[in-house]
Structures are given as C-alpha cells and as structure tokens.
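Below are the chains, spelled out letter by letter.
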Amino acid sequence: MILSFNDRTFRWTQTMLFAIHEINNMADLLPNTDLGYVIYDSCFTISKAVEGTLTYLSGQDEAVPNYRCGTGAPLAALVGAGGSDLSIATARILGLYHFPQVSYSSSCSALESKFQFPTFLRTIPNDKHQSSAMAQLVLHFNWTWVGTVASDDDYGKYGIKDFKEQVEEAGVCIAFSETLPKGSSPEDIQRIAQTIVESTAKIIVVFSSDVDLSPLVPELIRHNVTDRTWIASEAWVTSALLKQPGASSVLGGTLGFGVKRADIPGLQQHLLDLDPYADPLTEEFWETAFNCTLDYALAQRKSEERTRVFDGTGRLGPDGLCTGSESLARLNSTYSDVSQLRITYSVYKAVYAVAHALHALEHCQDHQGPFLGIGCADIANFEPWQLMYYLKNVRFKVPHTGEDVFFTDGDVEPFYDIINWGVGGDGDITYVTVGHSNGSGGEMSVLDDAIVWNSRALQPPRSVCSDNCRPGTRKGIRQGEAVCCFDCIPCADGEISNMTNARECVLCSEDHWSNDAHDACVSKIIEFLAFGEPLGITLITISACGALLTIVVGVVLAVQVNTPLVKANDAVLSFLLLLSLVVTFLCSMVFLGEPQRWSCMSSQVSLALGFALCLSCLIGKAAVLMLRAQTLKAARVRHKAAAKAAKDAKAAEGAKGAKGACEAAANSCSPDVIMNSCNFHDAIAATTQPDVLTCGHQRAVVVMATFIQGVACTVWLVLLPPHPVKNTSAQNIKIILECHEGSVVFISCIFAYDIVLALLAFVLAFLARKLEDHFSEAKSITFGLLVFFIVWISFVPAYLSTRGKFMVAVQIFAILASSFGILACIFLPKCYVLLIKPERNTEEMMRPHAKTPDGTSTMTSSSLATTATDINASIASTAIHD
C-alpha cells in the first residue's frame, strides 16, 4: 500500500513541538529544565513502530535490544504512537523497561490491561466507552438492524466487538459485518461496497481510521449509496482525508463521536510559520504541499524540461523549485485547519502530562520522596520507573482550556461530542455538534431536531429487518435468520399480547376471552335463557297458555263430570292426566332464568314426575280399552260363528235338520263356531259385562308407577343432585350458565323409566285401536303418544347440535310440544263432543260397535239383539215351511 504524506498527523507533530516550546518558555513549569524531543515515523506499520522504539531506547542509529549507549539528558517518556495496534506493539516493549508511554490516539480497549501494559497511559478515552456510546445512540433511535465495518487491526476489531456485544444484548441485530483490508485490495473493497448496497440495513457503524476507510468512499460514490446513515468513530469523524469529491452525497448526515475539542491560542500561527528547511520531515511536507522541490540541483537538472508557471498560490508549477516563501495560509489544507482540534488537543495534553510529571519529580521535597532509600529522584539522572510513579499520579489543569486532567488506571475521563455531518451551501461537509456523551456515567444528550439526515427527512431513518409486531401479535422467528428478522403472527383466540414485539401470547383466564384486536382480555359474555328476552317471553307465554288451556279443559270436564263421555274410562284418571299436563307446562318455566341450585333440582325432577304421572294415567286408560277391545273381538268371533250356523240351518230342511246342523257344528268343536242361535243372547250379555280392571286398579297403577319415579328422583336428589355450573368450554367467548345433571346414570335411568312407561302405554293403546265405538279414546291415546315420540326423537339431534341458551329453548320446546300433542289428541275430541256435539254424549254412543256378518256395516249392541231376533225368526219360518 502506497501511503501519501498525511497532513493531519504532521499537524499533530507540530502541535507536540509547539507544546514543548510553550513549556520551555514557562517560568512556573520546569523553570530550570528544558524539554527535548526525537521524532520517529512509524509509517502506520507495526515494524516501523517497533524499530523506532528500540532505536529510541538504545540511543543508537540502529535498533539494538537490551542495550543503551546514549549520552546526554535522560529519556523521559514516549508520546505516541498514532494507532492502537502500533501502541500495543510498542507498549509491550516499553513495559519491560518500565518506560512511560503516553498515547494521544490509541484508544483500543485492549490497552487498559495493566498486567500486559503496566506503563501505558493515554489522554484519549478508552474505546469501551465509545462503543457503549455508539450502542446507546443506536438504541436511542430504535435502530434494530445495523451493519458494521471495522478496520483490520486491534482498534477496529476490539471496538466493533464491544459494540456488538452491547447492542446484541439489547436486541439489536447485525445485518452484516465487514473488515476493511490493510493495503490495496480492490476486490475486497468492491465486495464490501456490494454488501452495503444489497443490505436492507440503513445504519452502518464504522470503527476504522480515516486511512483505512478512504478507499471505500469512491466505491460507494460509484454505487450511488446515498440512503445510509453512518456512525463514525473518533478516528475519522473529523478527518479531512474523507472530504473527497462527491463524498457529501454518501457521508452527509453522518453521526459520530469526537473527543474533546479545544482552541489552542498561537497554534495556528505556529503552524503557518513553519520553516521548510528545519528538518527532512518538514521538507517532505513542503514539497508535497506545494508540489515542488527544495533541492536546487534537482530543479536545475530539470530546468530545461519545465515551464515556469505562476498559478496564483504563490508557488511554481509542477517540478519547479520551491522558494521556501510559499504561503501555507493560502493552501487551505488539513494541516493548517484548526477548527476541529480534537486529537491535536489530545497531543497537547499528553506533552503537558509528561511536563507536569517531570515538574513533580523535580520539586520533590527532601526526605519526603516516595522512593525507599533515596527519597527523591534527581531530575538530571532518574530512572524511567521513577517518572512513571509521578506520571500515573499527575493531576493538572490544561492551559487556556482549564480542563482538569488526571489518570484513572491509565485512562482519562471519557467525554465525547456527538458530531453531525452537514452539507454547506458550497457543497462542503460541515461538522455540527448535536449532543454530548459522558461515558463514565452513561449519560447522553442528543438534540434530535438539530440533526440533518442524509435523506433530508425530518425524522430519523428507520432501520429494521422487520417492522414491530403490534399488540395482538407475537414474533415468529424465521428459521436460519437473525432474531430481528421475524414474522408477526396473530395471537390465537383466547390469547393476547398487550405489548409491542411480544415473544409469546398470554392465555386469558377461564372467565375472560380475547377481544377482536387480541390485545386485551375481556370478560366473557354470561349467557342463559333469561325471562326478559324475547325468546324467554315467548316460551313463558306458550307455557302459560298451555297450562291455562289445560285448566280450561279441566273446568269443562268438571262441569259435565256426570255425563257418559266424562265418566267413561274413569274421570279421575282424566283429571290426573290434566294435572300432569299442567305440571309439565309449568315446569318448563323453571328452566328459564339464571340457573340456581333449587331450579336445577326442581326442573328435572318436576319434568320426570310430571311425565311419569301423565304416562301412568295413559297406561291405566289404555289397559282398560285394550281389555274391552279383546272382549269385543271375542264377541265378534262368536257373532261370526252364529251367523255361519244360521246360514247352514236355513239351507237344511226343517227345524229338526237345522237343529241337527247346530248340534253337528257344536259337536265338531270347530274354533270358528263357538255360539249359535241357541245361546246368542248369552253372547250379547257377555259383551256388556263390567271391565276386569276396575277404577281402583287403574288408580293403583298410576300411584305405583308415579311412586317408583318419585323414589328414584329422591335418591338422585340426595346422592348426586343437579347443580348450576359455568360452562366455559362450550363456546369460547361465552360463559354458559347451565345445570349439571349431577349423575348421568341417574338422569338416564329416570328418563329411561319415562320412556318405558310411554312405550307400554303406546302398546296397550295400539292393541285397543280397533275398539269400534263412536268415540275411540284408544286411537286418541295412540296418536297422542305418536306425537310424543316424534317430538322427543326429533329433540335429540336438535339438542345435541345447539349450544348455550338455545339448548334450554330446544328442551322447553320439546316439553311444550309433547304436552300440547297429548292434550290435543286426547282431550280435543272430548271437548268437541261436550261443547259442539252434546247429542253424541249418550250411553248408547259410548258402547262398542259390532260388524254384520258380511263385514260391511256396523251395529250397536241393540242392533245385535235385532239381528238375533231375525235369525230366530228365520229358523222358525224354515221349519214351518218344511
């Protein structure tokens, strides 16, 4: 790598000389001692720095380790070197000899180890504080996606390492991390530039010297990288080396950290009064600055080849002879620019630190010195370690600025200016202080409104891999990518996140559910079938109407209780049946409202007992009707046999023959002929005999069936009674207040018992359905139970497919529908006869019918007597004819 002359570092050298001359002219600081100096150029290479150190220690023109052959004044201290990696190399050597070293620009945190570098001190803050300040700045603007670029030396590696550790701990991700090459490497520079172009990170932190960073700037200009904000370390934040043509479009808006700035009176004049012939270093600077030569012989040899051209700057044209009187003030170079004296001020303080340590050593009071045996050291002949004692304990105020300087474990107090790169009206870069940072206390103040961003926007740029996840979502890490690159996944139902970038969603409690935005848990809706809602009012109205209608029917029957229709088949059972229907109608109301312990117990029990009473009444009625039907069936069989016998007798000749046929038929023992004209009147009498089951039997059946159900319900209520519960699992957003059955076995057995009663009543009624009379109560019971079965069979799938209050509504509807079905099918025909057709309410109409022999007409019991008379007359006439 070819290095040009560095005007900035030459200014540092001249500042050291200025401070030495200033100290030597002071009457109160080292009045009897003059400071001298020797300057070694490290050329920014470790080998040159080590060579210069050994040469300095040996006192010879060549480096000879562990050997000193110098004369004259003792060596006091080394001020330097100009880079951290150079100081690390020299400090290891100087530490072996306990030789003091005060650096003005070596800020690497590795140099804080007193075990490795016992004699190293510095007047520039430790980089660990700068790394912390950079991390704090990144967090201040909520940047979570940043790239890093570091020089390939200890300064860049340690600085960026400390920065990464702190920001990554705070949740910031590193988009890319590149290292600037030492020396010329166009391929690496192009690769780094391409990485910056392709990255989505808008913030790039650069820990590098200006020398290492300068090759990257032209490549960034070529790629037109104008939408990035750069975070600069103190080594290049005010460097004029980066003020290249077009650099303002790339580096404009840069934020960086600069060490303390100060104005040093007289320094600029000292820099301008430079004697070009003072030393070879000065000659090189002069020739480079004015592009001429101070070697007259060389200029003479080329005089025939060059043209003398005056270009208005007070110097000759290219390859001309320097006059030595050229004007540095008119050059406007980095060397003479004293507007940003930061590292320069650090050099100034380093020289004064050594001077004050020598002053303390020189003015040591006899017998009060710190060294055992000798007390005080001799200013004319002291050991380096003796000066080191005073140097590490020195404390002084810097002239002109008044800054209090002291060392704490070799480091000074960390204080930084936050500098913003703006662009002036002429397109040049300007430096504006927009904040301060005190590294020791972690305090930072930034004037956000004063910052000029590269995008010309008023707001800070956003640099994130993924936008923040709003409340109601959680971060879903992308596999194989940085943690800052994530997807925002909505919280599941019942889960919330009430903060930005939540890692997990929080599950709501059982009584709460997530709102629509999933950012808060809200109380679940309490649901039950209330009395006051439209559905509840409707069901109450229907229930009340059903109960009232049942009572009205009961009143109608009670008014005409002595009529044949009401007395038929036990009026008491009819009234018990109506009572059971009133119970079922009214018990449906108990299902409404917020479930309570008493309502849960009474609703199911009243329903079970109501249906048990209803169905047992139907069993009692159906049993009597079935027996009547069987009796009528037997009478019909006998009637059919008698008709057949009569027909056979008519065909015979004479009454004797007919009688013989009757006897033959009787003697044949045929099952189809069980009565004849001889005993027909006896058959008629058989059909009108009293029922086998009396009213007492019917009522006993009702009492026994209902009692069994009552016992079962009592056991259920005592052992495992129904109770109210909060159902939070049926529906996510609701808490359903419902009754828990207590025991599935008990409730299944209880209602299975009702089903058995219903099936038994249906079978009995079905068997009695062919009972021939004008008012067929058996058919009414059959149809009523069919309605009952249809309703409850339909109820099961409807009940299982609904949730919440609609389950209760379905159950109430089934109760009401089945009750209305029984009421309508059984009592509507009776009320029709009682109220509209009272002429049919006679004993004759209540008796069973009989069919004619040909089966085409029906007859009452009186018709049966007429038929018998006709048969006898026919038999008699046949006999007379014969």
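Please read these numbers as outputs of a predicted model, since none were measured by experiment.

Undergrad: Teacher, can you tell me more about the pairing of strand β4 (residues 145-151) here?
TA: On any regular strand, side chains alternate: one points to one face of the sheet, the next to the other face. Counting buried residues along β4, 7 of its 7 residues qualify, which places the element largely inside the surrounding structure. Going residue by residue along β4, you find Trp-145, Gly-147, Val-149 and Ser-151 tucked away on one face and Val-146, Thr-148 and Ala-150 tucked away on the opposite face as well. In this sheet, strand β5 (residues 173-180) lies alongside β4 in parallel orientation, the contact comprising 7 bridges. Directly across from Trp-145, in β5, lies its bridge partner Cys-173. You can see the chain leave β4, run along helix α5 (residues 154-169) and come back into β5, and the turn it takes is right-handed. Note that β4 and strand β6 (residues 203-207) share 5 bridges and pair parallel. Each residue of the ladder has a partner; that of Thr-148, found in β6, is Val-205.

Undergrad: Looking at this structure, how should I read unusual backbone geometry?
TA: A negative phi holds for most residues other than glycine; trans holds for most peptide bonds. The omega torsion of the bond from Gly-80 to Ala-81 falls at 0 degrees, within 30 degrees of zero and hence cis. Relative to the assigned elements, Ala-81 resides in the loop between β1 (78-79) and α3 (84-96). Even without being a glycine, His-98 presents a positive backbone phi close to 55 degrees. Note that His-98 resides in the loop between α3 and β2 (101-103). At Asn-332, a residue that is not glycine, the phi angle is positive and equals roughly 55 degrees. Counting through the fold element by element, Asn-332 comes out in the loop between β10 (320-321) and α13 (343-362).

Undergrad: Explain the sheet that holds β1 to me, please; I cannot follow it from the model alone.
TA: Across a sheet, paired strands are connected by hydrogen bonds in the backbone, their directions being either parallel or antiparallel. Pairing in this open sheet of 3 strands is parallel, and the strands run β1-β2-β3 from one edge to the other. Only two strands of the sheet have a single neighbouring strand rather than two, namely β1 and β3 (120-122). Pairing of β2 with β3 involves 3 bridges; the strand directions are parallel. Looking at the pairing, Val-102 lines up with Leu-121 of β3. Of the strands in this sheet, β1, β2 and β3 touch α3, which is tilted by about 165 degrees from β2.

Undergrad: Mind showing me how you'd approach the confidence of the model for the protein here?
TA: Low-pLDDT stretches of the model should not have their predicted coordinates read in fine detail. Per-residue pLDDT for the protein has a mean of 83; in total, 86% of the residues score no lower than 70. Confidence over residues 307-318 falls short of pLDDT 50; this stretch has 17 contacts with residues more than four positions distant or in other chains.

Undergrad: What should I look at first to understand a nonpolar patch on the surface in this one?
TA: A cluster of nonpolar side chains, Met-704, Phe-707, Ile-708, Val-711, Val-715, Val-718, Leu-719 and Leu-720, forms an exposed patch at the surface whose accessible area comes to about 740 Å². Here Val-715 shows up in helix α21 (residues 695-719). When its relative accessible area of 34% is taken as the criterion, Val-715 is described as partly exposed.

Undergrad: Would you explain the nonpolar core in this entry?
TA: Most often, soluble globular proteins have nonpolar side chains that are buried together. Counting 91 residues, the largest nonpolar core has Trp-143, Phe-163, Ile-231, Leu-255 and Phe-257 as the members making the most contacts within it. The greatest single-element share of this core, amounting to 13 residues, is contributed by α13. If sequence neighbours within four positions are ignored, Leu-255 has contacts with Leu-137, Phe-141, Trp-143, Trp-230, Ile-231, Ala-232, Ile-418, Ile-419, Asn-420, Val-434, Ile-451 and Trp-453. Val-566, Ala-571, Ala-612 and Trp-792 belong to the second-largest nonpolar core, a separate cluster that totals 62 residues.

Undergrad: Honestly, the pattern of salt bridges in this entry has me stumped. Any pointers?
TA: Pairing is possible between side chains that carry opposite charge, provided their charged atoms lie close to one another. Across all of its chains, the model carries 22 salt bridges by this definition. Across the salt bridge formed by Glu-481 and Arg-478, the nearest N and O atoms sit 3.7 Å from each other. What makes Glu-481 partly exposed here is its relative accessible area of 41%. By sharing partners, the salt bridges in this structure join Asp-153, Lys-182 and Asp-212 into a single network.

Undergrad: I tried to follow the packing of helix α17 (residues 571-590) against helix α24 (residues 805-835) on my own but got confused; where do I start?
TA: Helix packing geometry: the angle between the two helix axes and the distance between the axes. Their axes nearest at 9 Å, the elements α17 and α24 cross at an angle of 155 degrees. Overall, the two elements α17 and α24 adopt an arrangement that is roughly antiparallel. The two elements α17 and α24 cross, and the hand of that crossing is left-handed. Contacts between α17 and α24 involve Ser-574, Leu-577, Leu-578, Leu-581, Thr-584, Phe-585 and Ser-588 from the first element and Ile-812, Ile-815, Leu-816, Ser-819, Phe-820, Ile-822, Leu-823, Ile-826, Phe-827 and Lys-830 from the second. Tallied by class, residues from the contact of α17 with α24 come to 12 nonpolar, 4 polar and 1 charged.

Criteria and thresholds
- Residues numbered from 1 in each chain as written.
- Predicted model: local features only at pLDDT ≥ 70, side-chain atom pairs only at ≥ 80, totals over all residues.
- Heavy atoms only, no water.
- Buried < 20%, exposed > 50% of the residue type's maximum accessible area, 1.4 Å probe, protein only.
- Helix = DSSP H or I, 4+ residues; strand = E, 2+ residues; numbered from the N terminus.
- Pairing = 2+ DSSP bridges.
- Right-handed = clockwise from strand over helix to strand, strands pointing away.
- Contact = heavy atoms within 4.5 Å.
- Axes fitted to C-alpha atoms, helices over the stretch in contact; angles between N-to-C directions.
- pLDDT = per-residue confidence, 0-100.
- Patch = residues over 30% accessible without salt bridge, like charges linked within 9 Å, V, L, I, M, F, W, Y side chains within 5 Å.
- Areas by Shrake-Rupley, 256 points an atom, 1.4 Å probe, with all protein chains shown as cover.
- Salt bridge = Lys/Arg side-chain N within 4 Å of Asp/Glu carboxyl O.
- Core = buried A, V, L, I, M, F, W, Y, C linked by side-chain atoms within 4.5 Å.
- Parallel < 35°, antiparallel > 145°, perpendicular 65-115°, else oblique.
- Left-handed = near helix turned anticlockwise from the far one by under 90°.
- Nonpolar A, V, L, I, M, F, W, Y, C, P; charged D, E, K, R; others polar.

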